[in-house]
Amino acid sequence: MEADQLRFILQELRFSAVLPVEGLGRLAEESTVRRVAAGEVVFRDGSTNNNLYLIRSGRLALEMNVPGRGAVRILTLGAGEMVGWSALLGQGKMTAGAIAIEDSDVVVASADRLRELCEADRDFGFLLMRQMADALSKRLVATRLQLLDLFADAPSLIPTQQAD
Amino acid sequence: MSDGYASRMPTPEAAARPWQTHTVAIRDVRREVEGVSTYDLAFLDDTVREAYRFAPGQFNMLYLPGAGEIAISVSDDPRNTEAYGHTIRVAGNVTRTLAGLGVGETLGLRGPFGTSWPLSECIGRDVVIVCGGIGLAPLRPAICTLLQDRQQFGRLNLLYGARSSDTLLFEREYDDWSRQGMDVQTTVDRSSPGWLGNVGVVTLLLDQLPSFDPHNTVLMCCGPEVMMKFTVMAALNSGLSEQQIWVSMERNMQCAVGLCGHCQLGPTFICKDGPVFRYDKIAPFIDVEGL
Amino acid sequence: MATATEMGTNERFLTEAAFARIFEVLESQGFTVVGPTIDQEAIVYDRIRSVDDLPRGWTDEQAPGQYRLQRRDDEALFGYVVGPHSWKRFLFPPQATVSKADKTETGWQFQAVEPEPAKFAFLGVRACELAAIRVQDRVFMPGPYVDPIYQQRRDNALLIAVNCTQAARTCFCTSMETGPKCTSGYDLALTEIANGFIIEAATAEGAEILSALESDDASIQQRQAGQTARQQAVDQIERRMDTTDIRDLFLSNLEHPRWDDVASRCLSCTNCTMVCPTCFCSSVEEVSDLTGDHVERQRQWDSCFNVDFSYMNGGNVRDNTRSRYRQWLTHKLASWIDQFGSSGCVGCGRCITWCPVGIDLTEEVAAIRGDAT
Ligand SMILES: Cc1cc2nc3c(=O)[nH]c(=O)nc-3n(C[C@H](O)[C@H](O)[C@H](O)COP(=O)(O)OP(=O)(O)OC[C@H]3O[C@@H](n4cnc5c(N)ncnc54)[C@H](O)[C@@H]3O)c2cc1C
Ligand code: SF4
């Protein structure tokens with residue numbers, strides 16, 4: 001796919017829409033679009049992965065492996081969402097696995113190249129990291145709400161405090 | 001038409017005798033999910049039946065002599081006037097006693113009470129309904145009305161979260177609702193094998209909602225208070241104002257008519273100023289712990 | 001000498017003997033007379049049948065957490081202020097059956113209980129109590145829903161006010177602009193002076209009672225004596241509460257540290273709400289017979305200080321004393337204004353006197369005002 005076309009796609013996705021066009025152009029040059037079929041694994045829990053993904057269409061599920069229970073589905077994500085933050089922020093060892101639950105299109109960007117981009121253009125880097133922080137903070141809040149088990153019959157006794 | 005959506009005020013007769021309970025008989029009981037059933041209640045007295053009308057979001061006080069009286073929202077299509085569905089979760093003493101009753105048995109009903117969903121405000125606007133758990137029940141009459149007068153409204157979105165896939169209320173109706181022009185999205189806190197739907201809390205669905213115009217939207221929300229708080233945060237984040245958001249609140253109620261003092265939240269009485277509030281009316285109070 | 005009527009007032013003078021006949025007159029008109037009388041070392045309100053039931057020659061000494069009866073050095077009939085009771089116990093009875101359920105062959109039948117006809121004459125209503133009745137009128141009667149018991153009793157009640165001629169250390173009606181002089185809301189108003197009363201009728205019902213008593217136009221001296229007696233009460237009031245912008249003050253200080261401070265003293269005993277003449281919270285209980293086929297719903301006074309007052313399955317919204325005290329005071333002084341257009345406090349000082357640990361709301365207000373955020 002042409003870089004221009006890809007930049008156009010990035011401008012449409014909620015995660016990247018607010019980033020400056022110029023930076024997106026450079027990001028587009030380093031990215032590809034990949035189609036994943038329903039049931040296909042994007043990356044595995046615990047694997048090493050060097051890509052950050054933005055969902056263009058379809059839906060992915062994040063799953064964690066629990067011995068004896070198999071893959072437990074934690075969260076589903078749809079168009080405009082980011083997947084694979086461990087590649088960019090961590091050491092590339094994934095804290096959950098991602099699997100397509102519908103045929104999906106994802107924009108794939110190399111985390112190494114993204115880091116270089118951020119280093120070279122700190123303003124772009126700041127905005128990108130702000131988007132990462134925003135997405136992760138929403139997921140953190142969502143996880144806390146899950147932890148509260150609000151719909152349980154008896155109010156849950158799970159402590160509601162959690163370190164930030 | 002818009003007037004037809006307004007809350008029902010008490011008749012002079014009811015206003016003068018707030019404690020008058022009417023006999024209703026259980027016409028049908030449908031098990032919805034584990035611990036939740038819908039009871040269709042019909043008035044025995046013809047005069048009472050003819051006078052009774054409710055607006056979506058209003059509630060009744062259901063009375064089981066000896067056990068007690070509880071506030072329950074009507075979950076039925078307002079066009080049904082023969083019997084009124086009430087969708088009730090077994091929570092304690094009264095609801096457990098009710099669960100032991102069957103078709104034909106009688107109980108007491110006072111109502112309807114409280115404010116209703118702002119359906120006339122929805123005309124010409126997009127509508128987003130966000131609810132959790134049993135919170136879908138008080139919104140079902142609103143959904144029926146929105147779909148009945150479908151052409152009056154913009155895009156309709158229902159975002160519904162439940163604990164797990166086997167606790168989703170009214171699941172058999174989602175296809176109908178979709179066919180009639182409402183986008184229905186569900187999500188569960190806990191995934192189970194075979195569930196291909198969304199996992200995660202309902203606020204995330206709101207964050208991901210692609211098609212609504214924040215400046216021309218009415219959002220209605222009902223569920224556990226914490227869930228509503230975070231839904232409101234997400235809605236404000238996506239550009240809605242407090243004046244576009246409506247929530248349905250819950251507090252202990254003894255009289256349901258503003259005379260017993262139990263249901264106060266700041267300056268409001270949930271029973272008569274609510275249960276449905278425009279968010280800006282309670283925003284200063286809802287976050288204060290123990291108010 | 002010009003008579004009172006010529007001077008444009010309708011103040012009249014009643015000798016004590018003439019006043020004593022008021023009981024007969026009221027009873028002949030079907031009133032049940034309720035007024036101050038001594039019971040268990042306090043002046044309470046109860047059914048009374050003659051002047052002999054009044055606390056002649058007694059007064060009350062009050063301070064935060066303290067109430068004591070003392071002999072006066074005269075034989076005054078109304079020489080005290082307010083005690084633990086208020087008229088709300090007659091207009092809004094502490095316990096009442098509101099509805100009944102009977103199991104029949106066709107199922108449950110329900111009947112709201114019609115209020116029993118009651119016709120009270122309240123004798124000795126103070127200015128702050130007239131204000132309290134006005135406050136409760138706005139709670140129970142404007143609708144859309146009305147309290148049938150309150151309305152029935154209120155509509156038929158005759159209010160015979162008494163102007164205070166002294167004040168307790170706990171009184172602060174001047175701050176709340178409710179007293180000590182009775183200005184409206186009564187049928188008859190009395191001011192006790194030497195050997196009798198200045199009396200004034202404000203309604204046709206009051207005038208009718210007055211006309212059945214033997215009275216004279218009050219002389220200038222007698223009227224001046226009344227004026228002096230009333231002024232004495234004004235002069236004795238030492239407690240103050242600054243009500244400037246009090247609604248906003250409270251609603252913007254819901255997290256003030258003073259709430260923790262008062263919570264460490266408050267016992268959550270509910271006394272303040274029971275003695276308060278405007279507190280109106282209630283709960284309903286099921287009372288069934290042995291078969292369970294006849295059930296009554298009984299309403300009784302409740303208090304926002306009770307732990308389970310805010311119960312919802314899963315817990316109590318106000319699960320600590322801090323939130324309960326805050327609810328009480330914030331409701332009384334601030335949110336009441338939103339709800340009913342006036343303060344819920346009339347400055348009678350009962351909650352100060354009857355608090356076992358002497359919590360004084362005027363001090364709490366000053367503390368919150370002192371370093372308000
Ligand atoms: C406006 C309103 C609408 C409601 N609509 C519904 C509905 O559609 N479906 C549904 O399942 N539930 C609804 N509820 C909640 C329902 O009233 C409670 O679950 C119910 O009162 C529990 O009664 P219980 O006797 O079984 O529980 P217990 O825990 O034994 O409660 C004892 C008593 O406390 C009071 N109480 C307890 N919980 C609540 C509560 N959450 N709200 C108010 N009073 C309470 C009641 O007087 C109750 O009888 C609504 C509550 C309100 C205020
Ligand atoms: S303030 Fe005093 S009277 Fe009121 S509940 Fe607390 S301790 Fe009891």
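Okay, so let's go over this structure. (Residues numbered from 1 in each chain as written. Chains lettered and ligands numbered in written order. Predicted model: local features only at pLDDT ≥ 70, side-chain atom pairs only at ≥ 80, totals over all residues. Heavy atoms only, no water.)

All names here are of chain A. Mapped onto the elements of the fold, Arg 139 is located in helix H6 (residues 122–148). One buried charge, Arg 139, has no salt-bridge partner; the nearest side chain with opposite charge is Glu 81, at 4.5 Å. When sequence neighbours within four positions are dropped, the list of residues in contact with Arg 139 reads Leu 62, Leu 75, Leu 77, Met 82 and Trp 85. (Helix = DSSP H or I, 4+ residues; strand = E, 2+ residues; numbered from the N terminus. Buried < 20%, exposed > 50% of the residue type's maximum accessible area, 1.4 Å probe, protein only. Lys, Arg positive; Asp, Glu negative; His and termini not counted. Salt bridge = Lys/Arg side-chain N within 4 Å of Asp/Glu carboxyl O. Contact = heavy atoms within 4.5 Å.)

A separate point is the packing of aromatic side chains. Describing an aromatic ring pair means giving the distance of the ring centres and the angle of the ring planes. With the rule as written, the count across this model stands at 32 aromatic pairs over all chains. On the basis of an interplanar angle of 80° and a centroid distance of 5.7 Å, the ring pair of Phe 54 of chain B and Tyr 84 of chain B is categorised as edge-to-face. Linking Phe 54 of chain B in the loop between helix H2 (46–51) and strand E3 (59–64) with Tyr 84 of chain B in strand E5 (residues 84–89), this pair joins segments that are 30 residues apart in sequence. Looking at Phe 54 of chain B, the relative accessible area reads 5%, which means it is buried. Note on Tyr 84 of chain B: relative accessible area 2%, which makes it buried. Aromatic side chains Phe 280 of chain C and Phe 340 of chain C sit 5.9 Å apart centroid to centroid with 85° between the ring planes, which places their arrangement in the edge-to-face category. Taken together, the residues span a long stretch of sequence, with Phe 280 of chain C in the loop between helix H11 (271–275) and strand E13 (282–288) and Phe 340 of chain C in helix H12 (residues 321–340) at a distance of 60 residues. (Phe/Tyr/Trp six-rings, centres within 6.5 Å; stacked < 30°, edge-to-face > 60°.)

Moving on: the interface of chain A and chain B. Contact with chain A, which involves 21 residues of that partner, is made by 25 residues of chain B. Taken together, both faces of the contact between chain A and chain B bury some 2,100 Å²; the carbon and sulfur share is 56%. Seen at the junction of chain A and chain B, the total is two salt bridges. Arg 163 of chain B is the salt-bridge partner of Asp 149 of chain A, the closest N and O atoms lying 2.6 Å from each other. Our count for the contact surface shared by chain A and chain B stands at eight residue pairs in polar contact (both at pLDDT 80 or more). Looking at the side of chain A that touches chain B, the elements with two or more residues in it are strand E5 (70–77) and H6 of chain A. (Buried area = accessible area lost by both parts, 1.4 Å probe. Polar contact = N/O pair within 3.5 Å; in protein donor to acceptor, adjacent residues only side chain to side chain.)

Looking now at the interface of chain C and chain B. Across the contact, 46 residues belong to chain C and 46 residues belong to chain B. Summed over both partners, the interface of chain C with chain B comes to about 3,900 Å²; 56% of that surface belongs to carbon and sulfur atoms. Ranking the residues of chain C by area buried against chain B places Phe 110, Tyr 145 and Arg 297 of chain C at the top, with a combined share of 20%. Inspection of the region where chain C meets chain B yields two salt bridges. Of the charged contacts, one joins Arg 297 of chain C and Glu 69 of chain B as a salt bridge, the two residues approaching to 2.8 Å between their closest N and O atoms. Residue assignment for the side of chain C that touches chain B shows that the elements contributing at least two residues are strand E6 (95–104), strand E7 (107–112), helix H4 (127–140), E13, strand E14 (294–301), strand E15 (311–312) and H12 of chain C. Top element by residues in the side of chain C that touches chain B is H12 of chain C. It accounts for eight residues. When the residues that make up the side of chain C that touches chain B are grouped by side-chain class, the tally is 22 nonpolar, 14 polar and ten charged. (Nonpolar A, V, L, I, M, F, W, Y, C, P; charged D, E, K, R; others polar.)

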